[in-house]
Amino acid sequence: MLTLIRNAEVFTPRRVGRRDVLVAGHRILQVADSIPLRGAPLEVIDAAGQWLLPGFVDALTHPCGGGGEGGFGNRTAEIEYSGFVEAGVTTPVGALGTDSITRSLDVLYGKVMELRARGLSAFMLNGSYRLPAATLTGDVARDLVLIEPVIGAGEVAVSDHRSSQPSAAELRRLAAEVHLGGTLSGKRGTVLVHVGDGPRGLAPIDEALEGSELPRCVFYPTHVNRNRGLLQQAIRFAADGGFADITVSTTEHLIDAGEVPALEALREAIEAGAPRQRLTLSSDAGGSLPLYRDGELAGLQSASPMALLQALRTALRRHPDLVEAVIAAVTRNPADAYGLAAKGRIEPGADADLLLLDPGNGELSGVYCAGRPLLRPAIERTDSNLRQGVMR
Ligand code: ZN
């Protein structure tokens, strides 16, 4: 099956202008100024006026729900498949989070396989906040080698009162296992690190890297916009060759407590000289967000997979100079952090994970994952051999 998307403004994630993109099966075959119709049966989408972006790669989601830190009443719900599709997230990376006791990797694996069966390109991490890491097979490296959707471990917690207070040696050992499993299975092998509010910040990662032969990018710190001091550390970490992940979902209370709003953090990092290709934005979807009223905990809401799309809409409205950086931070950059070479880019050979977006209102008008339309633009048949797509 061939699909030709014509006349869209293409972001590879770099903005390259109006292009035609030809999709064959699950891959992108060609990207060019103009691709002629050769009479082969193909579906043609006229996307004039629309933007064509890579599908979003969300580096941290909790598809089975998260939370539980405030007791059983604080657990959050599972995320439906449609929640990811409507948000343009074609590659959610699922993790457990705080609770690996009443939630399990078996259930997470089942959820990831459900999302795959419905057409998404989902992946997962083993482990949780705690060490020793939870595994599917009894061995961290073995999980990566034998279980295809497992691409790393995390989110393992440091500098947080809910962490296992891991020593540098324990973190180093976990990273070594993930790195070895990745090496044997042709994966990057990444340890996503939940960094808490503790004053040590990224120091546990630096200590684990010292005295090891491990590459810096084996560790991928998240929530680095939690406070300004941590953001400064993360800017240095990215400048030294690592990836740093900014969490988009937040609340007024968290911002009052010192969290740097995601777009502000992204701008600050870029202006401070952090390489923009190593800065990412994730939603933490399914994670719990405490709600406070008059200084009292008044309840809980769950972070949404819509957070990335909402960040892009905010950039479109208020920070147009950041739009390209935001698109890269939710597509190619997180794909690179996890070594998913065919994800998050529009180029020949890449997976056809594509979003059609109306730049006027920030609405998605089409979502494709591996060439399969999950949210389909309206199609009008114009010819027995050739169908003409019409964007609405
Ligand atoms: Zn976290």
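Quantities reported herein were computed from a predicted structural model and do not represent experimental measurements. (Residues numbered from 1 in each chain as written. Predicted model: local features only at pLDDT ≥ 70, side-chain atom pairs only at ≥ 80, totals over all residues. Heavy atoms only, no water.)

This part takes up the coordination of the zinc ion. By definition of the ideal shapes, four donors in a tetrahedron about a metal sit 109.5 degrees apart, and six donors in an octahedron sit 90 or 180 degrees apart. Donor atoms from the polypeptide that coordinate the zinc ion comprise Glu155 (OE), His194 (ND1) and His223 (NE2), at 2.0 to 2.2 Å from the metal. Read in sequence order, the donor residues for the zinc ion give the motif E-x38-H-x28-H. With Glu155 in strand β9 (residues 150-158) and His194 in strand β10 (residues 190-195), this pair connects stretches of sequence that are 39 residues apart. Exposure remark for His194: the relative accessible area of 1% places this residue in the buried category. (Donors = N, O, S within 2.8 Å, 3.2 Å for Na, K, Ca; no water. Helix = DSSP H or I, 4+ residues; strand = E, 2+ residues; numbered from the N terminus. Buried < 20%, exposed > 50% of the residue type's maximum accessible area, 1.4 Å probe, protein only.)

Our next topic: the pattern of salt bridges. If you walk through the whole model with that rule in mind, you get 21 salt bridges. Between Asp351 and Lys343 there is a salt bridge; the shortest N-O distance is 2.9 Å. Lys343 carries the same exposure label as Asp351, and that label is buried. Ionic contacts of the salt-bridge type, sharing partners, join the residues Arg27, Lys343, Asp351 and Asp353 into one network. (Salt bridge = Lys/Arg side-chain N within 4 Å of Asp/Glu carboxyl O.)

Next up on the list: a nonpolar patch on the surface. Residues Val145, Leu146, Leu180 and Leu184 make up a contiguous nonpolar surface patch of about 380 Å² in total accessible area. Mapped by element, the contributors of at least two residues to the nonpolar patch are α3 (140-146) and α4 (168-185). Residue placement: Leu180 occurs in helix α4. (Patch = residues over 30% accessible without salt bridge, like charges linked within 9 Å, V, L, I, M, F, W, Y side chains within 5 Å. Areas by Shrake-Rupley, 256 points an atom, 1.4 Å probe, with all protein chains shown as cover.)

The next subject is helix α2 (residues 105-117). What sets the pattern is the α-helix's 3.6 residues per turn: residues three or four places apart point alike. Helix length check: α2, at 13 residues, gives a terminal C-alpha distance of 18 Å against a target of 18 Å (1.5 Å per residue), a fit within 8%. Those residues of α2 that fall on the buried side of the exposure criterion are Leu105, Leu108, Lys111, Val112 and Leu115. Each buried residue of α2 sits inside an arc of 115° when the element is viewed along its axis, so together they form one side. Relative to its buried face, α2 has exposed residues pointing more than 90 degrees away, namely Asp106 and Ala117. In this structure, the buried side of α2 is in contact with α1 (81-86), β7 (89-94) and β8 (123-126). (Expected span 1.5 Å × (residues − 1). Arc of directions from axis to C-beta. Contact = heavy atoms within 4.5 Å.)

Burial along strand β5 (residues 51-54) is two-sided: the face carrying Trp51 and Leu53 and the face carrying Leu52 and Pro54 are both buried. Examined bridge by bridge, strand β1 (residues 2-11) and β5 share 2 bridges and lie parallel to one another. Bridging from a neighbouring strand, Glu9 pairs with Trp51 of β5. In terms of strand pairing, β5 meets strand β16 (residues 354-358) through 4 bridges, oriented antiparallel. Looking across to β16, one finds that Leu52 is bridged to Leu356. (Pairing = 2+ DSSP bridges.)

Following the sequence through the fold, Asp284 ends up in the loop between β13 (279-282) and β14 (288-293). Classification of Asp284 by relative accessible area gives buried; the value is 15%. With 61 residues separating them along the chain, Asp284 and His223 place their C-alpha atoms 9.0 Å apart. Residue contacts for Asp284: discarding those within four places in its chain leaves Asp58, Leu60, His62, Glu155, His223, Thr247 and Ala303.

Right, let's get into the packing of aromatic side chains. Under the definition given, this model contains 3 aromatic pairs. Aromatic rings pair up to connect Tyr220, Phe243 and Tyr338 into one cluster. The cationic tip of Arg116 hangs over the ring face of Phe123; the distance from NZ or CZ to the ring centre is 4.9 Å. (Phe/Tyr/Trp six-rings, centres within 6.5 Å; stacked < 30°, edge-to-face > 60°. Lys NZ or Arg CZ within 6 Å of the ring centre and 35° of its normal.)

Among the nonpolar cores identified, the biggest contains 83 residues, and Leu53, Phe56, Leu174, Phe219 and Leu281 are the most heavily contacted of them. Setting aside anything within four residues of it in sequence, one finds Phe56 in contact with Ala87, Gly88, Val89, Thr90, Thr91, Leu308, Leu309, Leu312, Val330, Thr331 and Leu355. (Core = buried A, V, L, I, M, F, W, Y, C linked by side-chain atoms within 4.5 Å.)

Contact pair helix α6 (residues 228-239) / helix α8 (residues 262-271): the axes reach a minimum separation of 10 Å and the direction vectors enclose 45°. Classified by the angle between their axes, α6 and α8 sit oblique to one another. In the packing of α6 onto α8, the handedness of the crossing is right-handed. Contacts between α6 and α8 involve Arg228, Leu231, Gln232 and Ile235 on the former and, on the latter, Glu264, Ala265, Glu268 and Ala269. (Axes fitted to C-alpha atoms, helices over the stretch in contact; angles between N-to-C directions. Parallel < 35°, antiparallel > 145°, perpendicular 65-115°, else oblique. Left-handed = near helix turned anticlockwise from the far one by under 90°.)

Ordered in space as β6-β7-β8-β9-β10-β11, the 6 strands form an open sheet in which the pairing is parallel. Here the strands that pair on one side only, and so sit at the sheet edges, are β6 (56-61) and β11 (219-222). For this sheet, the mean inter-axis angle between neighbouring strands, taken without regard to orientation, is 25°. For β6 and β7, the ladder comprises 4 bridges, and the chain directions are parallel. In the strand pairing of β7, Thr61 is matched with Gly94. Running at roughly 170° to β9, α4 makes contact with β9, β10 and β11 of the sheet.

With that settled, the discussion passes to the side chain of Lys187. Tracing the chain through its elements places Lys187 in the loop between α4 and β10. Look at Lys187: it is buried, it has no salt bridge, and the nearest opposite charge is Glu148 at 6.1 Å. In terms of polar contacts, Lys187 uses its side chain to reach the backbone carbonyl oxygen of Ile147, at 3.1 Å. (Lys, Arg positive; Asp, Glu negative; His and termini not counted. Polar contact = N/O pair within 3.5 Å; in protein donor to acceptor, adjacent residues only side chain to side chain.)

Direction of pairing for strand β2 (residues 15-24) relative to strand β3 (residues 27-32): antiparallel, over a ladder of 5 bridges. For Asp20, the partnering residue across the bridge sits in β3 and is Ala32. Following β2, the chain reverses through 2 residues before pairing antiparallel with β3; Gly25 in that reversal takes a positive phi of roughly 60°.

Right, let's get into the environment of Glu271. Its place among the elements puts Glu271 in helix α8. Each C-alpha atom, one on Glu271 and one on Val156, is 29 Å from the other, the two residues being 115 residues apart in sequence.

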